[in-house]
Amino acid sequence: MPEPTDVMTGPIVMLDLAAQRRAIGPVMDQRIAAVLEHGKFISGPEVQELEEALAARAGVRHVVSCGNGTDALQLVLMAWGISPGDAVFVPSFTFTATAEVVSLLGATPIFCDVREDTFNLDVTSLEAAIEAVRVEGRLCPRAIIPVDLFGLAADYPAIHAVAERHGLRVLADAAQSFGASLDEKPVGSLAEVTATSFFPAKPLGCYGDGGAVFTDDDELASIMRSIRVHGKGTDKYDTVRIGVNSRLDTLQAAILLAKLTVFDAEISARQEVAIRYSDGLGSVGSVHAPLRDVSAWAQYTVRVDHPALSRDDIAGRLAKAGVPTAVYYPRALHDQPAYADADRKGEGCATATALASSVLSLPMHPYLDVASCERVIEAVVAAVDA
Ligand SMILES: *Cc1c(COP(=O)(O)O)cnc(C)c1O
């Protein structure tokens, strides 16, 4: 027999897209119907409308939408001419796409460590890695890709200070953080160029793949607009450079426009869930719950360092209590087979390695009600009580 609260709140899920769909159904259906009606499935009017809405939100001059968040990163690196012999500095504790685009262009990702408290790029490790590459003299340091992991903006002021000292460019990987801010400045405006993703599980997700780049740089924006459509010139059949095919579908733009109508409320709701979790969990047993007031809370991730129980044990106990969990990410990038020959082999990336074996993400979405949050908290407290 389920507990009465189970009947009231239903099963807890990591991310409840169905609840969101119930909240914005009519607006969404209208937007989709409009695209089916006009039939401009590629580069339809919704694409430009979305780019303008996103640019206004972030307070930047240009938004270049594209096929996915990985392409968004790649468009920037291609426009900058990142190529073999170049070094690009990335955190080791992130999704693989951050480093993948560097390698795809023949350049070399240099893995840096992350901070224990924010899970984001550690500036001391970054500086050490840049120095090491300089001293070795084989690669040319070109750019840094900080990641706003789990929705929290990286320490851009400190990163920019390092970038300026070494003459490096900064590309923000904000795939998980659209909607967050730092010192009251929105994500999208925190670096000279920012890439984000609209993968369905991201804070602002579409119903398929999608991505976008934010910048105030007129020339960079115009080059990226060319690259995303096969390197076109002023005319579609005028090819001025080697590009890719990476446009955002009109239908996805329409879906994002519908989702934008509730996005601010969703970010606030995620914040409320995070506060509830942090108040309830504090530091129970050996679970360390974070609280950050600027995050988009793509994930709510705790650290588990239990003297007697493994992370799998705790996740297993939570699953039995009806609380799903996920591990982002079980392996730091410098420990991945694909980067077995990576430069510096993740030298000094001890925190990234440690996090990979201790992080656990709890259910997090804007439609998680108070009763469900309390069930999660109770389950975690019970699970770590060995
Ligand atoms: C999701 C993600 C990406 C890639 O986005 P896609 O839209 O899936 O290509 C890149 N970087 C980070 C940190 C991500 O979380």
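Everything numeric here is computed off the predicted structure, so don't read it as measured data.

Looking at the packing of aromatic side chains
Turning to step 1, where the next piece is worked out: Using the criterion set out here, one finds 11 aromatic pairs in the structure.
Turning to step 2, where the next piece is worked out: Ring geometry for phenylalanine 95 and tyrosine 329: centres 6.3 Å apart, planes at 35 degrees, overall tilted. In this pair, phenylalanine 95 sits in the loop between strand S2 (86-91) and helix H5 (97-104) while tyrosine 329 sits in the loop between helix H10 (311-320) and helix H11 (350-356), placing the two residues 234 residues apart along the sequence.
Turning to step 3, where the next piece is worked out: Ring centres 5.8 Å apart and planes at 65 degrees place the aromatic pair tyrosine 328 and tyrosine 329 in the edge-to-face group.
Turning to step 4, where the next piece is worked out: The buried category is assigned to tyrosine 329, whose relative accessible area is 14%.
Turning to step 5, where the next piece is worked out: Members of the aromatic cluster, connected to one another through ring pairs, are Phe93, Phe95, Phe119, Phe150, Tyr328 and Tyr329.
Turning to step 6, where the next piece is worked out: A cation over a ring is seen here: lysine 202 above phenylalanine 95, with NZ or CZ 6.0 Å from the ring centre.

Section: unusual backbone geometry
Turning to step 1, where the next piece is worked out: Omega for the peptide link from tyrosine 328 to tyrosine 329 comes to 5 degrees, which places this bond in the cis form.
Turning to step 2, where the next piece is worked out: The backbone phi angle of aspartate 183 is positive, close to 50 degrees, even though this residue is not glycine.
Turning to step 3, where the next piece is worked out: As for its placement among the helices and strands, aspartate 183 is situated in the loop between strand S6 (181-182) and strand S7 (185-186).
Turning to step 4, where the next piece is worked out: Residue classification places aspartate 183 among the exposed residues on the basis of a relative accessible area of 62%.
Turning to step 5, where the next piece is worked out: With a phi angle near 65 degrees, glutamate 184 is a residue other than glycine that sits in the positive phi range.

Regarding the environment of alanine 326
Turning to step 1, where the next piece is worked out: Assignment of secondary structure puts alanine 326 in the loop between H10 and H11.
Turning to step 2, where the next piece is worked out: Judged by relative accessible area, which is 14%, alanine 326 ranks as buried.
Turning to step 3, where the next piece is worked out: As a C-alpha pair, alanine 326 and proline 363 span 37 residues in sequence and 8.4 Å in three-dimensional space.
Turning to step 4, where the next piece is worked out: Excluding residues that lie within four positions of it along the chain, alanine 326 makes contacts with Met14, Leu360 and Ser361.

Section: the nonpolar core
Turning to step 1, where the next piece is worked out: In terms of nonpolar packing, the biggest core is built from 52 residues, with Leu54 and Phe89 touching the most fellow members.
Turning to step 2, where the next piece is worked out: The element contributing the most residues to this core is helix H9 (residues 250-281), with 8 residues.
Turning to step 3, where the next piece is worked out: Those residues in contact with leucine 54 that lie beyond four places of it in its chain are Val63, Phe178, Phe198, Leu204, Phe214 and Leu260.
Turning to step 4, where the next piece is worked out: Residues Ala79, Phe119, Ile223 and Met224 belong to the second largest nonpolar core, which totals 45 residues.

Some details on empty space enclosed by the protein
Turning to step 1, where the next piece is worked out: Scanning the entire structure with this criterion turns up 1 cavity of 30 Å³ or more.
Turning to step 2, where the next piece is worked out: One number sums up the size of the largest cavity: a volume of about 70 Å³.
Turning to step 3, where the next piece is worked out: Lining of the largest cavity is provided by 14 residues; of these, Leu15, Leu17, Gln20, Glu266 and Arg270 occupy positions nearest its centre.
Turning to step 4, where the next piece is worked out: For the lining of the largest cavity, the elements supplying multiple residues, two or more each, are helix H2 (17-38) and H9.
Turning to step 5, where the next piece is worked out: Looking at the lining of the largest cavity element by element, the count peaks at 3 residues for H9.

Section: the site of the ligand
Turning to step 1, where the next piece is worked out: Gly69, Thr70, Gln176, Ser197 and Lys202 are the nearest of the 15 residues found near the ligand.
Turning to step 2, where the next piece is worked out: Side-chain polar atom of threonine 70 to an oxygen atom of the ligand: 2.5 Å apart, as the coordinates give it.
Turning to step 3, where the next piece is worked out: Aspartate 173 is positioned such that a nitrogen or oxygen atom in its side chain is 2.8 Å from a nitrogen atom of the ligand.
Turning to step 4, where the next piece is worked out: When the free accessible area of the ligand is taken as 380 Å², the share hidden by the protein chains comes to 93%.

Some words on a nonpolar patch on the surface
Turning to step 1, where the next piece is worked out: Taken together, the side chains of Leu36, Phe41 and Ile42 present a nonpolar region at the surface, about 290 Å² in accessible area.
Turning to step 2, where the next piece is worked out: Within the secondary structure layout, phenylalanine 41 lies in the loop between H2 and helix H3 (45-58).
Turning to step 3, where the next piece is worked out: With a relative accessible area of 41%, phenylalanine 41 lands in the partly exposed category.

Observations concerning H2
Turning to step 1, where the next piece is worked out: With 22 residues, H2 extends only 27 Å from end C-alpha to end C-alpha; this falls clearly short of the ideal 32 Å at 1.5 Å per step.
Turning to step 2, where the next piece is worked out: Turning to H2, its buried residues are Ala19, Gln20, Ile24, Gly25, Met28 and Val35.
Turning to step 3, where the next piece is worked out: Lining the buried residues of H2 we find H3 and H9.
Turning to step 4, where the next piece is worked out: For H2, the N-terminal capping position is held by aspartate 16, with its side-chain oxygen 3.3 Å away from the main-chain nitrogen of alanine 18.
Turning to step 5, where the next piece is worked out: Residue glycine 39 follows H2 closely and has a positive phi angle near 75 degrees.

Description of the packing of H10 against helix H12 (residues 370-383)
Turning to step 1, where the next piece is worked out: At a closest axis distance of 9 Å, the pairing of H10 and H12 adopts a crossing angle of 135 degrees. It follows from the interaxial angle that H10 and H12 lie oblique. The interaxial crossing formed by H10 with H12 has right-handed handedness. Of H12, the residues touching H10 (which contributes Ile314, Arg317 and Leu318) are Ala379, Val380, Ala382 and Ala383.

Here we look at the pattern of salt bridges
Turning to step 1, where the next piece is worked out: Applying the stated rule across the entire model yields 13 salt bridges.
Turning to step 2, where the next piece is worked out: Where arginine 31 meets glutamate 49, a salt bridge forms, and the shortest distance between an N and an O atom there is 2.8 Å. Taken together, the positions of arginine 31 in helix H2 and glutamate 49 in helix H3 put the pair 18 residues apart, joining distant regions of the chain.
Turning to step 3, where the next piece is worked out: Here arginine 228 and glutamate 51 are joined by a salt bridge, their closest N and O atoms 3.0 Å apart. With arginine 228 in the loop between helix H8 (218-227) and H9 and glutamate 51 in helix H3, this pair connects stretches of sequence that are 177 residues apart.
Turning to step 4, where the next piece is worked out: For arginine 228, a relative accessible area of 12% puts it in the buried group.
Turning to step 5, where the next piece is worked out: One continuous salt-bridge network, built from bridges that share partners, spans Glu51, Arg225 and Arg228.

Scoring rules and cut-offs
All residue numbers refer to positions counted from 1 along the written sequence of the respective chain. Two thresholds apply to this predicted model, a pLDDT of at least 70 for residue-level local features and 80 or more for giving and counting side-chain atom pairs, whereas whole-chain, interface and lining totals are computed over all residues. The side-chain quantities take in all heavy atoms of the structure and omit both hydrogens and water. Here the aromatic set is Phe, Tyr and Trp, taking the six-membered ring for Trp, and pairing holds for ring centres within 6.5 Å; pairs whose planes are under 30 degrees apart are stacked, those over 60 apart are edge-to-face, and all others are tilted. Each helix is a run of H or I in the DSSP string that is no shorter than four residues. Each strand is a run of E no shorter than two, and both are numbered from the N terminus. Partly exposed describes any residue whose relative accessible area lies between the buried limit of under 20% and the exposed limit of over 50%, with all areas from a 1.4 Å probe on protein chains only and scaled to the type maximum. Our definition puts a charge over a ring when NZ of Lys or CZ of Arg is within 6 Å of the ring centre and also within 35 degrees of the ring normal. Residues count as neighbours in contact if any of their non-hydrogen atoms are within 4.5 Å of one another. By convention a nonpolar core is built from buried Ala, Val, Leu, Ile, Met, Phe, Trp, Tyr and Cys residues, the set being connected through side-chain atoms within 4.5 Å. Of the two site types, the cavity is a set of points on a 1 Å grid over the protein atoms alone where a 1.4 Å probe fits but cannot get out, and the pocket is an open set with protein on both sides within 12 Å along at least five of seven lines, each lined by residues with an atom within 4 Å of a point. Grid points are joined across faces, edges and corners, and a volume is the space filled by probe spheres set on the points. Near residues are defined by distance, with any heavy atom within 4 Å of the molecule or strand qualifying the residue. Each polar contact in these results corresponds to two N or O atoms within 3.5 Å; when the atoms are within protein, one needs to be able to donate a hydrogen and the other to accept it, and residues that are neighboring in sequence are counted only if both atoms are side-chain atoms. Each accessible area is a Shrake-Rupley estimate made with a 1.4 Å probe; only the visible protein chains count as cover when residues are assessed. Here the term patch refers to residues with relative accessible area over 30% and no salt bridge, with like charges joined within 9 Å and nonpolar side chains (Val, Leu, Ile, Met, Phe, Trp, Tyr) within 5 Å. Salt bridge, as used here: a side-chain nitrogen of Lys or Arg that lies within 4 Å of a carboxyl oxygen of Asp or Glu. A helix is expected to span 1.5 Å for every residue after the first. Axis definition: a line fitted to C-alpha atoms, limited for helices to the stretch in contact. Angles are taken between N-to-C directions and run from 0 to 180 degrees. We call two directions roughly parallel when the angle between them is under 35 degrees, roughly antiparallel when it is over 145, roughly perpendicular when it lies between 65 and 115, and oblique otherwise. Handedness of a helix crossing follows the sense of rotation of the near helix relative to the far helix, less than a right angle counterclockwise being left-handed and clockwise being right-handed.

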